[in-house]
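The primary structure of each chain is shown beneath.
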Amino acid sequence: MMKKSFMTGNEAIAEAAVQADCRHFFGYPITPQNEIPEYMSRRLPEVGGVYLQAESEIAAINMLFGAAGAGARVMTSSSSPGISLMQEGISYMVGAQLPCVIVNIMRGGPGLGGIQPSQSDYFQATKGGGHGDYHLLVLAPHTVQEAVTLTMEAFDLADKYRNPVMVLGDGYIGQMMEPVEFGRKTRQSTHPLKSWALTGAKGRPPNLVKSLYLNPKELEEHNLEINKKIQDMIKNEVRVETLLIDDAEIIIAAYGTVARIAKTAIKVLRERGLKIGMVRPITLFPFPYETFAKISKRAQKVLVVEMSLGQMVEDVMLGLSGQGCVRFYGRTGGMVPSYDEIINETEKFITEGKA
Amino acid sequence: MRMQGKFEKIFERPRTLRSTATHYCPGCGHGIVARLLAEVIDEFKIREKTVGVAPVGCSVLLYNYLDIDMYEAAHGRAPAVATGCKRVNPESIVFTYQGDGDFVSIGIAESIHAAARGEKITTIFINNAIYGMTGGQMAPTTLIGQKTTTSPRGRTSEEAGFPIRMSELLATIDGAAYIARVSVSNPKNVIQAKKAIKKAFETQINGLGYSMVEVLSHCPTDWHMTPLESTKWVEGHMMPYYPLNEFKAPKRRN
Ligand SMILES: Cc1ncc(C[n+]2csc(CCOP(=O)(O)OP(=O)(O)O)c2C)c(N)n1
Ligand code: SF4
C-alpha cells in the first residue's frame, strides 16, 4: 500500500504537479492559494526545476506562454482576481495551442471581494473567460485526494489537447487537510513529443508559436481546428459522479466543496426515508449534459446548490432541456451552505416545489 | 562573355534573413534593424539556437523575415514570454523585438522586472515616438509638441506628462548589464547600431545579465514625412531629447 501523507489541498496540488513532471512554476501571491507557490519555491529546486515569482499575474501567464512554447510542462496558480488578470494570456495560449495547467482556488467576488471560499468564477472558467471562441477543460475536485489525481491528469489532458486545463477549487479545498496518496496511476510512459516547441531551429525548419491570423479565412480555419479539439473533449472527457440516482425523486446537483456537504445531507435524508440522490459534475467543461438529459426523462426534481448566486444551474437547465423541475439554493460572498440548510431546502422542495 | 569565377562575392543576404518582401512601409527603420539582427545572428553562428519574441505592433511580423524559431506575444508581454523560454532552455539565445508602446507603455512592468531579475535575454527596442501599427497615436516616447492622431495640437506635458527615457531608466537597474541607445538615421549610425546589437547579444552569450538596445527609428508614414525628412527629424528632434550613448556595458574580460 502507498504511504499516505497528511496535507492541505494546496500543498497536495503542488506535490501532484511535481509528480506529474511539472518542473516550471510561475505565479504571484494571493490568498487563499499561497501554499501552492510557497511549496513550489521549496520543492522545485530540489528536483532541478524552476520556481519564479512573477511581477504580476499578467507576467506569470505570459511566462507560462514562453515556457509552454519552449516545450515544458508548466503550471500557475492563483485565486479569482488574479485569474481575471490572466484572461488575455489564457486566450493567447488557446490561440497558440499551448498546453498548461492553471489552478484557481476561488474566493468571493466581485472586485476585491473577500478571501473566503466561493464558486462564483464558474461562468468565467467554463464559458471561455477571455476573448475569442474557446473553452478550457475544467476539472473540479471535491476532496484533497481528488485534487491530487485531477491535477496529475490535468497535465496529460493539456498535452493531449494542446490547450490550457483549469483545476477549479475553492478556498475550502485549498486549505483543508486530509490524508492523501500520490502513487501516480495515470502516468503515461512518455509525454507526447512536442515537435512544435521553440528550441532553436536546428536541423529543421523554424517553428512559430502565434495566434495572429490577419486573413479572416485563415482565422476561421484556425478557430475550427481549435473547435475540433473542443468537440473531441466533449466526446471523450466528460466525468461525472452519480450517487443513488436510480430511485431518487429529488437529485441534488453540486460540485466541489458543496458536493461534499451535500453527500452528508443525502445520508441524513436517506435515513429519514427520503429518496434523494446526487449528480456531481467532475468536469465542468465538458459538462455532463447527458446525465441530466436522462434525469429529465424520469421527471425527477433537481435541486442545484452552489456557493454562488446561480451559475452552474444554467448548465443543469440546459441539460434538462426544459423538462423536470429545478430549484436553486446558493450562498455567496464566502458563506458556505451547511448540510442543515441543504436538508431544509430539500424538504421545502418536496412540500413547495420550485423556489 | 561570362565572368564566372572572376568576381568574389562581397555582399549577400544574411542566412538568417529570409528572401521575402516585408510589410514595412518604404523608408521605415524597422527593415534596417531586421537586417542588422540577421547579420549579428549569423556572425555569432547562433541561428540554430536563437529564439525571438515579436509582440504586437509593427514589430509583430518579424517572424516572417527571420529564419529562426519565434513567438508572437501579447502587447507588452514579450519580456515575460522570453523569461519563460529562457528559464526552460537556458542554452537558447532569446531576444525580444518591441516598439515603444509595447516596451514603455503597456509592458513597462514586464520590461523593468526582466531587467531587474537580470534575465539573460536581449531586447531590441524600436523607439519611433509613435504607435505605428494602429495608425499614429501618441506613444509614451512622443516628444513634447509632437503632433499625433491623439495629440492633434501637439503633446503637452500638462495634459500628457513627459516622454520616458527608457535607456537612462534601465541603466539604473543592477540586473541590466548592457544598455545602449543608437539610431539608424545614416550609414555611420547604422554601423554603430550593429556594434551595439552585437555587444548586447555577446552580453547574453556570456551570461552576464539583461541587455537592451534602444534604436531611434523613423516612421515616415505616421510622421507624414518623406523617408529623408524622417531621418533628419530623428537627428534634429529625437536625438537632443534621446542622446545616443552606451549607458552601461560589462567590463571587458581579460
Ligand atoms: C491589449 C492590447 N491593447 C491594444 C492593442 C492595439 N495595439 C496594437 S499595436 C499597438 C501599438 C503599437 O505601437 P508600438 O509598440 O510603438 O509599435 P510600432 O507599431 O510603432 O512599431 C496597439 C495599441 C492590442 N493589440 N492589444
Ligand atoms: S507605420 Fe511606421 S513603423 Fe510601421 S511599418 Fe510603417 S513606417 Fe514603419
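About the thresholds
Residues numbered from 1 in each chain as written. Chains lettered and ligands numbered in written order. Predicted model: local features only at pLDDT ≥ 70, side-chain atom pairs only at ≥ 80, totals over all residues. Heavy atoms only, no water. Helix = DSSP H or I, 4+ residues; strand = E, 2+ residues; numbered from the N terminus. Rg over C-alpha atoms; globule rule 2.2 N^0.38 Å. Buried < 20%, exposed > 50% of the residue type's maximum accessible area, 1.4 Å probe, protein only. Areas by Shrake-Rupley, 256 points an atom, 1.4 Å probe, with all protein chains shown as cover. Lys, Arg positive; Asp, Glu negative; His and termini not counted. Charge placed at Lys NZ, Arg CZ, Asp CG, Glu CD. Domains from an automatic or database assignment. Buried area = accessible area lost by both parts, 1.4 Å probe. Polar contact = N/O pair within 3.5 Å; in protein donor to acceptor, adjacent residues only side chain to side chain. Core = buried A, V, L, I, M, F, W, Y, C linked by side-chain atoms within 4.5 Å. Contact = heavy atoms within 4.5 Å. Near = heavy atom within 4 Å. Salt bridge = Lys/Arg side-chain N within 4 Å of Asp/Glu carboxyl O. Expected span 1.5 Å × (residues − 1). Arc of directions from axis to C-beta.

A. Quick peek at the overall build of chain B. Along its length, chain B carries 9 helices and 7 strands. Scaling as 2.2 N^0.38, a compact globule of 254 residues should have a C-alpha radius of gyration of about 18 Å, and chain B matches this with 18 Å. For chain B, the C-alpha atoms occupy an extent of roughly 65 × 50 × 35 Å along the three principal directions. The proportion of buried residues among the 254 residues of chain B is 56%. In the structure as shown, chain B presents an accessible area of about 10,900 Å², 56% of it carried by carbon and sulfur atoms. Taking the average location of the 30 positive side-chain charges in chain B and that of its 24 negative ones, the two points are 5 Å from each other.

B. Representation of the domain arrangement of chain A in the model. Residue and element names in this part refer to chain A. For chain A, the assigned domains are domain 1 (5-236) and domain 2 (240-351). The gap between the C-alpha centroids of domain 1 and domain 2 is 28 Å. Summing both sides of the interface, domain 1 and domain 2 together bury roughly 2,400 Å²; the carbon and sulfur share of this comes to 56%. The largest contributions to the domain 1 side of the interface with domain 2 come from Gln119, Tyr122 and His142, which together make up 34% of the buried area. Applying the counting rule to domain 1 against domain 2 returns 16 residue pairs in polar contact (both at pLDDT 80 or more). Secondary structure elements with two or more residues in the side of domain 1 that touches domain 2: α5 (122-126), β6 (137-139), α6 (144-161), β7 (164-170), α7 (171-175) and α8 (216-236).

C. Main features of the nonpolar core. Met75 of chain A together with Tyr71 of chain B are the most contacted members of the largest nonpolar core, which has 120 residues in total. Tallying contributions element by element places α6 of chain A first for this core, with 10 residues. For this core, the domains that each give at least three residues are domain 1 (5-236) and domain 2 (240-351) of chain A. Non-local contacts of Tyr71 of chain B, meaning those with residues more than four positions away in its chain, are made with Phe65, Gly66, Gly69, Ala70, Leu198 and Val209 of chain A together with Val51, Gly52, Val53, Ala54, Val81 and Cys85 of chain B. Counting residues in each nonpolar core, the second largest holds 37 residues, with Tyr97, Ile126, Val184 and Phe201 of chain B among its members.

D. Focus on the site of ligand 2. Taken together, Tyr24, Cys25, Cys28, His30, Cys58, Asn128, Gly132, Cys219, Pro220, Thr221 and Asp222 of chain B form the complete shell of residues around ligand 2. Broken down by element, the residue count for the shell around ligand 2 peaks at 3 residues, all from helix α8 (residues 220-223) of chain B.

E. Here's a closer look at unusual backbone geometry. Between Thr31 of chain A and the following residue, Pro32 of chain A, the backbone shows a cis peptide bond with an omega angle of 10°. Its place among the elements puts Pro32 of chain A in the loop between β2 (24-27) and α2 (35-46). Unlike most non-glycine residues, Arg162 of chain A shows phi in positive territory, near 45°. Even without being a glycine, Lys45 of chain B presents a positive backbone phi close to 55°. Its place among the elements puts Lys45 of chain B in the loop between α1 (29-43) and β1 (50-55). On the basis of relative accessible area, Lys45 of chain B is assigned to the exposed category, the value being 75%.

F. Quick look at the interface of chain B and chain A. At the interface, 34 residues of chain B touch 33 residues of chain A. The junction of chain B with chain A conceals about 2,600 Å² of combined surface from both sides, 59% of it contributed by carbon and sulfur atoms. The tally of links between chain B and chain A comes to 2 salt bridges. Here Glu55 of chain A and Arg117 of chain B are joined by a salt bridge, their closest N and O atoms 2.9 Å apart. For the pair chain B and chain A, the interface holds 14 residue pairs in polar contact (both at pLDDT 80 or more). Listing elements by their share of the side of chain B that touches chain A, those giving two or more residues are β1, β2 (69-73), α2 (78-88) and α4 (108-116) of chain B.

G. Examining α2 of chain A more closely. All names here are of chain A. Taking 1.5 Å of rise per residue, 12 residues should cover 16 Å, and α2 covers 17 Å from first to last C-alpha, within 8% of that figure. Residues of α2 that are buried: Ile36, Pro37, Tyr39, Met40, Arg43 and Leu44. Taken down its axis, α2 places every buried residue within 155° of arc, on the same side. Where the residues of α2 are buried, they touch β1 (5-8), α1 (9-19), β2, β3 (50-53), β4 (74-78) and β5 (100-106). At the C-terminal side of α2, Gly48 shows a positive phi close to 75°.

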